[in-house]
Amino acid sequence: MRQAGGLRIAAGSGKLAAPNESRAKCAMAVRFPLLKQGVETLPLPMDDSLSLPVALMWIRLNAVRIFLGGVVFALLAAPIAFFMPKSYRSEVTLFVSPPVFKDDSPVTSGRTSTVKQDSIAELMPPALPMEAYKVVALSAPVLKEVIVRIPLHNTRIQSLRNLLQVELIRLDTRGTQGPTYTQTLVFRTSAASADLAAKIAETWSEVFKEQVDSVATERMRRTSSLLEALHNATRAALEQANSALADHQKAWNLELIKAQLDARQKQMTEFEALLKQTEVDLAWGERKQEALRAERAKESPKDVYFRAPSDDAYWIAGAQGGAVKMTPDKGLRTEEANKTYLAIRTEEVRVNQETEGLKATKDMLLLKLDDLRKEIDALTVTLAEKTLERDKFILESDSLKTSYALVRTEYEKSRMAEQAQASDIVIAGKAIAPYAPSSASPAKIILLAGLIGMCATGGFLLLKAVSEMALLPEGVGLAAALLPHVYGADRDKAPPRREE
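As the structure is a computational prediction, the values presented were derived from the model and not from experiment.

So, the overall build of the protein chain
Then step 1. A count of helices and strands for the protein chain gives 13 helices and 9 strands.
Then step 2. Put simply, the protein chain has 500 residues, and 30% of those count as buried.
Then step 3. Taking the intrachain contacts of the protein chain between residues at least 6 apart in sequence as the baseline, contacts between residues at least 24 apart amount to 76%.
Then step 4. By element, 59% of the accessible surface of the protein chain is carried by carbon and sulfur atoms, the whole surface being about 32300 Å².

Below you can see the structure in the form of structure tokens.
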């Protein structure tokens, strides 16, 4: 290879090489001493792709270093594996099984049921969803009570929570509202000794059961106390309404008032009919009076009769000279009462008396009717007002009776439910102390550490090889970076440049 005018001519190639290529080849000579020592390599072409043979070759060439890395990790993990404390695991199974008379509430997601009416189950606390039981089991109050009961000195709630696990058993089917779980809870605990693990599991399940039962009991107690207060208040209101109704019935006899009103109305009707008849009779009497007055005016009170003079009167008159002529009108005059006049006058007096009597009767009837109207108006107003008051008292009493009947029914059911209250949680046996530890054996830990060390060493070598691609010439692929001694024979040749 010779250099002329800043360019190098590769021997036997007939092509010009740039100065930067020369510098890259020099760097490769320094990086890969196999080329410098003249080791014969395979004349393989440069490839940018990573194939399975290349990967297997790289693993075979670096197997010793990868194995040594795994051995180092295994040796470092050996003390930890042998001196690491053992862990024992125990478990307890609990069932969510409400009493048969209790409402079959939905305890799993997507599960529905109907409530039987007029049953004490309506007031029983329903079973919670299974996810809620899991939250309660891992809550701070439950774990604190477990720490106090065992006791676990110098143990924090979070540290204990890390050793506990609640498993929900999921069904194969999936509902529209989410996953569906069975009514089963599995409490798993881990501890440094088998007896402690069993004791923690058993105490944990008992505290959880007591906590759930206490919440249900408190809820039932509050419901019962509320219903009792409502029952007492409704009963007091009903008694007050009945007392007010009784007092009103004693003070106002509406039946008697109604009977008096009916009697007054009947009497007023009779008086009105009598008044009309009296007015007719009075009008007839007045007309009769007028007729009698007209007839009486036509008649004279007395009748006058004349008689002829006697013979002696003539003789006397003749003896006196006969100058006076004797006529019948010179005789005696006789007056008699007119019988027709008297009869008319008598009838007129009688008619006048009857008319005056009718007038007095009319005035009396008018006064009586006025008094009756006032009494009827007063009785009507009193009856209407007191009937309205009575209706209000009756309506309030009936409404309170209905309310009291409903409240009484619920109150009795709450009392029965409180007396028949039973736990929804059933512990399926006691926890058993495990015979063997649940933690991994030292051999498994050392083997796992060795595998991790081998993977870490291989990854480190791979990253190191990939990072050295920056020292390779342009155009050299990943395969050449991974297997430099294999592709070293061709590295003296500069890769072909792409013609622009």
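On we go.
Regarding the nonpolar core
One broad trend across soluble globular proteins is that nonpolar side chains are buried collectively.
Then step 1. Counting 33 residues, the largest nonpolar core has Tyr 133, Leu 185, Phe 187, Trp 204 and Phe 208 as the members making the most contacts within it.
Then step 2. Where this core is concerned, the elements lending two or more residues are strand 4 (88–96), helix 5 (130–137), helix 6 (140–149), strand 5 (164–175), strand 6 (178–191) and helix 8 (194–251).
Then step 3. No other element matches helix 8, which puts 9 residues into this core.
Then step 4. Judged by nonpolar contacts, the second largest core, of 12 residues, contains Leu 261, Phe 271, Leu 275 and Ile 376.

Focus on the packing of aromatic side chains
Then step 1. All told, the structure shown has 3 aromatic pairs when counted by the stated rule.
Then step 2. Ring geometry for Phe 187 versus Phe 208: centroids 5.2 Å apart, planes at 75 degrees, classification edge-to-face. One end of the pair, Phe 187, is in strand 6; the other, Phe 208, is in helix 8, and 21 residues separate them in sequence.
Then step 3. With a relative accessible area of 0%, Phe 187 lands in the buried category.
Then step 4. Given the relative accessible area of 0%, Phe 208 is considered buried.
Then step 5. Three or more aromatic residues joined by ring pairs form one cluster here, namely Tyr 133, Phe 187, Trp 204 and Phe 208.

A short note on the pattern of salt bridges
Then step 1. Counted by the stated rule, this structure contains 19 salt bridges.
Then step 2. Ionic pairing is found between Glu 375 and Arg 264, a salt bridge with its closest N-O pair at 2.5 Å. One end of the pair, Glu 375, is in helix 11 (residues 339–419); the other, Arg 264, is in helix 9 (residues 254–298), with 111 residues separating them in the sequence.
Then step 3. Take Glu 375: its relative accessible area is 35%, and that puts it in the partly exposed class.
Then step 4. Using a relative accessible area of 26% as the deciding quantity, one classes Arg 264 as partly exposed.
Then step 5. Bridged by salt links that share partners, the residues Lys 288, Glu 347, Arg 350 and Glu 354 form one connected network.

Digging into helix 12 (residues 442–467)
Then step 1. Spanning 26 residues, helix 12 covers 37 Å between terminal C-alpha atoms, matching the ideal 38 Å at 1.5 Å per step.
Then step 2. Every buried residue of helix 12 is accounted for by Ile 445, Ala 449, Gly 450, Gly 453, Thr 457, Gly 458, Leu 461 and Ala 465.

Focus on unusual backbone geometry
Apart from glycine, the bulk of residues carry a negative phi angle, and the bulk of peptide bonds sit in the trans form.
Then step 1. The linkage connecting Ile 150 with the following residue, Pro 151, adopts the cis geometry, with an omega of -10 degrees.
Then step 2. Along the chain, the position of Pro 151 falls in the loop between helix 6 and helix 7 (157–163).
Then step 3. In this structure, Asn 154 is a non-glycine residue whose phi angle is positive, near 55 degrees.
Then step 4. Tracing the backbone shows Asn 154 in the loop between helix 6 and helix 7.
Then step 5. Assessed through its relative accessible area of 86%, Asn 154 is described here as exposed.

Some points on the confidence of the model for the protein chain
For any part of a model where pLDDT is low, the fine detail of the predicted coordinates should not be relied upon.
Then step 1. Summarising the model, the protein chain shows a mean pLDDT of 75, and 68% of its residues fall at 70 or more.
Then step 2. Mean pLDDT across the elements of the protein chain ranges from a minimum in strand 2 (residues 7–9), with 35, to a maximum in helix 6, with 90.
Then step 3. Of the regions scoring below 50 in pLDDT, residues 104–117 engages in 28 contacts with residues more than four places distant in sequence or in other chains.

Some thoughts on the packing of helix 6 against helix 8
Then step 1. Where helix 6 contacts helix 8, the axes come no closer than 9 Å and their chain directions differ by 130 degrees. The pairing of helix 6 with helix 8 is recorded here as oblique in orientation. The handedness of the crossing between helix 6 and helix 8 comes out as right-handed. For the pair formed by helix 6 and helix 8, the contact residues are Val 142, Leu 143, Glu 145, Val 146 and Arg 149 on the first element and Thr 203, Trp 204, Val 207, Phe 208, Glu 210 and Gln 211 on the second.

Some points on the environment of Asp 370
Then step 1. Counting through the fold element by element, Asp 370 comes out in helix 11.
Then step 2. According to the relative accessible area criterion, Asp 370 is partly exposed, its value standing at 33%.
Then step 3. On a C-alpha basis, the gap between Asp 370 and Met 268 in space is 9.3 Å, while along the polypeptide they are 102 residues apart.

Some words on the pairing of strand 4
Look at any regular strand and the pattern is simple: side chains alternate between the two faces of the sheet.
Then step 1. Of the two faces of strand 4, the one lined by Tyr 88, Ser 90, Val 92, Leu 94 and Val 96 is fully buried and the one lined by Arg 89, Glu 91, Thr 93 and Phe 95 carries no buried residue.
Then step 2. Sheet topology note: the strand 4/strand 9 (residues 425–427) ladder contains 3 bridges and is antiparallel. Across the sheet, Phe 95 pairs through a bridge with Val 426, a residue of strand 9.

Topic: the environment of Asp 391
Then step 1. Secondary-structure assignment places Asp 391 in helix 11.
Then step 2. Spatially, the C-alpha atom of Asp 391 lies 9.4 Å from that of Leu 245, the residues being 146 residues apart in sequence.

A word on the side chain of Glu 348
Then step 1. Structurally, Glu 348 is set in helix 11.
Then step 2. Judged by relative accessible area, which is 2%, Glu 348 ranks as buried.
Then step 3. Dropping the residues within four chain positions of it, Glu 348 is found in contact with Leu 292, Arg 293 and Arg 296.

Let's talk about a nonpolar patch on the surface
Then step 1. A grouping of Val 64, Phe 67, Leu 68, Leu 447, Leu 451 and Met 454 is seen on the molecular surface, where their side chains present a nonpolar patch of about 590 Å² in accessible area.
Then step 2. Broken down by secondary-structure element, the contributors of at least two residues to the nonpolar patch are helix 4 (63–83) and helix 12.
Then step 3. Structurally, Phe 67 can be placed in helix 4.

Cut-offs applied
- Residues numbered from 1 in each chain as written.
- Predicted model: local features only at pLDDT ≥ 70, side-chain atom pairs only at ≥ 80, totals over all residues.
- Heavy atoms only, no water.
- Helix = DSSP H or I, 4+ residues; strand = E, 2+ residues; numbered from the N terminus.
- Buried < 20%, exposed > 50% of the residue type's maximum accessible area, 1.4 Å probe, protein only.
- Contact = heavy atoms within 4.5 Å.
- Areas by Shrake-Rupley, 256 points an atom, 1.4 Å probe, with all protein chains shown as cover.
- Core = buried A, V, L, I, M, F, W, Y, C linked by side-chain atoms within 4.5 Å.
- Phe/Tyr/Trp six-rings, centres within 6.5 Å; stacked < 30°, edge-to-face > 60°.
- Salt bridge = Lys/Arg side-chain N within 4 Å of Asp/Glu carboxyl O.
- Expected span 1.5 Å × (residues − 1).
- pLDDT = per-residue confidence, 0-100.
- Axes fitted to C-alpha atoms, helices over the stretch in contact; angles between N-to-C directions.
- Parallel < 35°, antiparallel > 145°, perpendicular 65-115°, else oblique.
- Left-handed = near helix turned anticlockwise from the far one by under 90°.
- Pairing = 2+ DSSP bridges.
- Patch = residues over 30% accessible without salt bridge, like charges linked within 9 Å, V, L, I, M, F, W, Y side chains within 5 Å.

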